[in-house]
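Working through the structure, step by step
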Amino acid sequence: MMQLFDLKCCLGSESNETMQMHDDTMELTVSFRIRTARGQPVSAEEALVMLAEGNARYVGGRPLRVTNPVVLRTALAEQGQNPLAVVVGCADSCCPIETAFDAQAGDIFVLRNAGNSCPCGDGSIVGSVEYAAGALGTRLLVVMGHTKCGAMVSASKLVVGPDTPPETSAQCRSVLEQYLSDLTPAAKEAASQLDASASVEEVAAEAIRINVFRTIRLLLECSATLREKVRNGGFEMHGAIYDIETGEIKFLGQHPSLEMLLNLDKFLGQHPSLETLLNLDIDIPHKESAESLGAASTSTGSSPK
């Protein structure tokens, strides 16, 4: 059982009945859950509910704030961590992950970089997720993009901007330029799904969503360990987008082509013509299932478009 601690918290007064107390807070004692390694892991379904509830508190201006964090720190230091979720988020300072979920220390295992990505199977991201899913027993991963993502806007400019730079060799690029180049597949897919007249901002908005699922896909492609855990039902990987203006988090669900991703070796063995498509780092269209792609390959004798 998860241990319960009576901690004094502050709850912002935002209801209609107490609007005259908008600048005040009311103190109350609550049974506050501190997640430590002595507790049982939370299921992916329950973790999603807890994250959504925390975001609702944040958006509503009623976050729970521990006024005496000593007990919290001591419990985590002595008993170890047991996070309810892994969140791969953007490094943008406008996206405070723990704050957006109204989470406390020990609640979320956070990984961040520009564009909430996993370029070239970044070992630090893949290995950290494997550690959380294995050693810590965490059963949910959320890849969370956000509106007006600067990294995805920059990547979109490389694809459809009026001053699209000429192709340069990897040796001539800065680390940042190479990183942004690695984000362009999502922008290219977004551009292909929109009208040719779509602006950079419109392409970037769609690319943000696509990039969330692309990161999930790369994690699964790069890690047999994660594929096995998801396949066995012990781990789920969901997408989400944080609105930097409203603070609301929209959950997108699991990858639309999850079944194919979990059976890459078997599927490619049956349909080798798809291997080139995957190696080109182009996402299979979300609306097409693995079965329909295989049927297309068989009937036409060529790779699906």
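Residues numbered from 1 in each chain as written. Predicted model: local features only at pLDDT ≥ 70, side-chain atom pairs only at ≥ 80, totals over all residues. Heavy atoms only, no water.

**What to know about helix α2 (residues 70-79)**
Burial in α2 covers these residues: L72, A75, L76 and Q79. Looking straight down α2, one finds its buried side chains confined to an arc of 95 degrees; they lie on one side. Summarising the geometry of α2, the exposed residues directed more than 90 degrees from the buried face are R73, A77 and E78. One or two steps after α2, the chain reaches G80, where phi turns positive at roughly 85 degrees. (Buried < 20%, exposed > 50% of the residue type's maximum accessible area, 1.4 Å probe, protein only. Helix = DSSP H or I, 4+ residues; strand = E, 2+ residues; numbered from the N terminus. Arc of directions from axis to C-beta.)

**Some thoughts on helix α4 (residues 123-134)**
The end-to-end C-alpha distance of α4 is 16 Å, a good match for the 16 Å that 12 residues give at a rise of 1.5 Å each. For α4, the full list of buried residues reads I125, V126, V129, A132 and A133. In an axial view of α4, the angular spread of the buried residues amounts to 130 degrees, which keeps them on one side of the axis. Where the residues of α4 are buried, they touch β4 (85-90), β5 (108-113), β6 (140-146), α7 (200-222) and α8 (224-231). (Expected span 1.5 Å × (residues − 1). Contact = heavy atoms within 4.5 Å.)

**Re the side chain of R35**
Along the chain, R35 falls in the loop between β2 (25-33) and α1 (44-59). No salt bridge is formed by the buried R35, whose closest oppositely charged neighbour, D107, lies at an N-O distance of 4.9 Å. Of the polar contacts made by the side chain of R35, one reaches the backbone oxygen of N82; its length is 2.7 Å. (Lys, Arg positive; Asp, Glu negative; His and termini not counted. Salt bridge = Lys/Arg side-chain N within 4 Å of Asp/Glu carboxyl O. Polar contact = N/O pair within 3.5 Å; in protein donor to acceptor, adjacent residues only side chain to side chain.)

**What to know about the pattern of salt bridges**
Scanning the entire structure with this criterion turns up five salt bridges. The salt bridge partner of E245 is K148, with a shortest N-O separation of 3.8 Å. Of this pair, E245 sits in the loop between β7 (236-242) and β8 (249-253) while K148 sits in the loop between β6 and α5 (150-160), and the two are 97 residues apart along the sequence. The class of K148 is exposed, set by a relative accessible area of 56%. Between R231 and E228 there is a salt bridge, with its nearest N and O atoms 2.5 Å apart. Within this pair, R231 and its partner E228 are both found in helix α8, separated by three residues, close to a single helical turn. Owing to a relative accessible area of 38%, R231 belongs among the partly exposed residues under this scheme. Of the residues examined, E228 reaches a relative accessible area of 37% and is grouped as partly exposed.

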